[in-house]
Amino acid sequence: MATVVSHQAITSQRTSSNFKASHFLKEPLNVPIKLRQKRFKIQATASQAPLLDPVLSPSKTIPQSYKKKSNEASLILIRHGESLWNEKNLFTGCVDVPLTEKGVAEAIQAGKRISNIPVDLIFTSSLIRAQMTAMLAMTQHRCKKVPIILHDESEKAQTWSHVFSEETRKQSIPVIAAWQLNERMYGELQGLNKEETAERYGTQQVHEWRRSYHIPPPKGESLEMCAERAVSYFEDNIQQELAFGNNVLIAAHGNSLRSIIMYLDKLTSQEVTSLELSTGLPLLYIFKDRKFMRRGSPVGPTEAGVYAYTKRLAQYRQKLDESLA
Ligand SMILES: O=C(O)[C@@H](CO)OP(=O)(O)O
């Protein structure tokens with residue numbers, strides 16, 4: 001039932017995302033040499049494919065130094081809005097179901113709450129409910145940039161989705177979809193009603209399947225197994241973008257985000273059992289001095305408190321105010 005994904009598959013997806021994010025962001029000078037060399041190598045080995053953008057081909061010369069954009073970056077986490085199976089109270093896991101009307105409204109509301117917080121790069125799972133959430137939230141952002149999903153399912157998909165104008169590219173935000181951020185695979189519970197399952201197997205058993213760290217549901221992933229892929233992806237692909245000063249939004253799922261929050265907040269396997277995330281609720285972290293500082297949930301675009309979080313966020317908002325005045 002469960003497909004086991006090889007380590008090689010994970011690695012190739014990671015490197016592919018790395019390459020494309022930097023390529024699209026067109027900020028090669030912000031990328032540390034080691035990583036640029038890695039990206040350069042990827043580009044060179046894929047030489048049969050015309051991966052270089054004819055307008056924005058990155059230089060083949062690797063500079064001797066790089067400059068970080070900033071030593072601080074924002075990280076926003078959003079669990080997707082209510083899905084059709086959340087509404088029906090069904091175990092969903094990796095089943096790809098869309099948002100309900102309420103979920104759409106939650107995503108838009110989340111977008112309003114983060115509309116003054118900078119976003120340079122978006123990561124979503126490969127599931128439509130997370131992608132819808134990210135896209136709908138970004139319709140509310142005051143920067144008015146267009147989120148564009150990067151396609152790496154084939155070389156042709158990469159080539160055919162190139163953007164040929166630097167100006168247009170500057171007005172865009174790359175969106176990277178990664179299966180590693182998908183919901184925890186719920187095994188043989190997928191599609192079952194949560195209440196009926198509790199009646200059948202007992203509340204305690206079902207609670208353990210749903211919230212314990214180590215115990216997997218039948219033929220599914222435990223939170224620990226989910227964390228293994230989601231947190232590795234975060235460390236290998238997202239944290240480095242934050243370290244360069246790129247501001248990141250992640251739209252994902254209850255359990256993939258619980259595992260990432262466990263990592264960010266250094267929660268124990270016991271503490272994470274009581275962590276519950278509401279649908280469509282954005283959570284803000286500041287990454288500075290290689291540390292994550294939790295800033296809670298942005299209240300709303302008109303609430304002063306959220307902008308006082310850091311000087312950098314206040315300056316970003318001021319810039320938006322000036323440009324939109
Ligand atoms: O069904 C699911 O996939 C998840 C999230 O909705 O449910 P749970 O609350 O059990 O983590």
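Predicted model only: the values in this text are computed from it and were never measured. (Residues numbered from 1 in each chain as written. Predicted model: local features only at pLDDT ≥ 70, side-chain atom pairs only at ≥ 80, totals over all residues. Heavy atoms only, no water.)

**Details of the site of the ligand**
Close to the ligand lie Arg79, Asn86, Leu90, Phe91, Thr92, Gly93, Glu183, Tyr186, Lys194, Arg210, Arg211 and Asn255. Separating an oxygen atom of the ligand from a backbone N or O atom of Thr92 is a distance of 2.8 Å. The protein chains hide 95% of the 310 Å² of surface that the ligand would expose on its own. Split by residue class, the shell around the ligand holds three nonpolar, four polar and five charged. (Near = heavy atom within 4 Å. Polar contact = N/O pair within 3.5 Å; in protein donor to acceptor, adjacent residues only side chain to side chain. Areas by Shrake-Rupley, 256 points an atom, 1.4 Å probe, with all protein chains shown as cover. Nonpolar A, V, L, I, M, F, W, Y, C, P; charged D, E, K, R; others polar.)

**Quick word on the packing of aromatic side chains**
As enumerated under the stated definition, the model contains six aromatic pairs in all. Consider the rings of Tyr201 and Trp209, whose centres lie 5.2 Å apart with planes at 65 degrees: the pair is edge-to-face. Residue classification places Trp209 among the buried positions, given a relative accessible area of 8%. Between Phe234 and Tyr263, the aromatic rings sit 5.8 Å apart at their centres with planes inclined by 65 degrees, giving edge-to-face as the arrangement. Within this pair, whereas Phe234 is found in helix H10 (residues 223–244), its partner Tyr263 is found in helix H11 (residues 254–264), the two being separated by 29 residues in sequence. Take Phe234: its relative accessible area is 0%, and that puts it in the buried class. Under the relative-accessibility criterion, Tyr263 is labelled partly exposed at 26%. Site record: aromatic cluster; members linked through ring pairs are Phe234, Tyr263, Phe287 and Phe292. The ring of Tyr186 carries the charged tip of Arg184 above its face, separated from the ring centre by 4.5 Å. Above the face of the Phe91 ring, Lys194 is positioned so that its terminal group lies 5.4 Å from the ring centre. (Phe/Tyr/Trp six-rings, centres within 6.5 Å; stacked < 30°, edge-to-face > 60°. Buried < 20%, exposed > 50% of the residue type's maximum accessible area, 1.4 Å probe, protein only. Helix = DSSP H or I, 4+ residues; strand = E, 2+ residues; numbered from the N terminus. Lys NZ or Arg CZ within 6 Å of the ring centre and 35° of its normal.)

**So, the UniProt feature "active site" (unreviewed entry) in the chain**
Under the UniProt annotation, the feature "active site" (unreviewed entry) is placed at His80 and Glu183. These residues run over 104 residues, yet every pair of their C-alpha atoms falls within 10.4 Å of each other. Mapping His80 onto the fold places it in the loop between strand S1 (72–79) and helix H3 (84–87). Among the residues examined, His80 registers a relative accessible area of 2% and is labelled buried. Excluding its chain neighbours within four sequence positions, the residues that come into contact with His80 are Asn86, Leu99, Arg129, Ala130, Thr133, Ala252, His253, Thr279 and Gly280. In this structure, Glu183 sits in the loop between strand S4 (172–177) and helix H8 (194–201). The class for Glu183 is buried, based on a relative accessible area of 7%. (UniProt positions renumbered as here; feature names shortened; annotations may be inferred. Contact = heavy atoms within 4.5 Å.)

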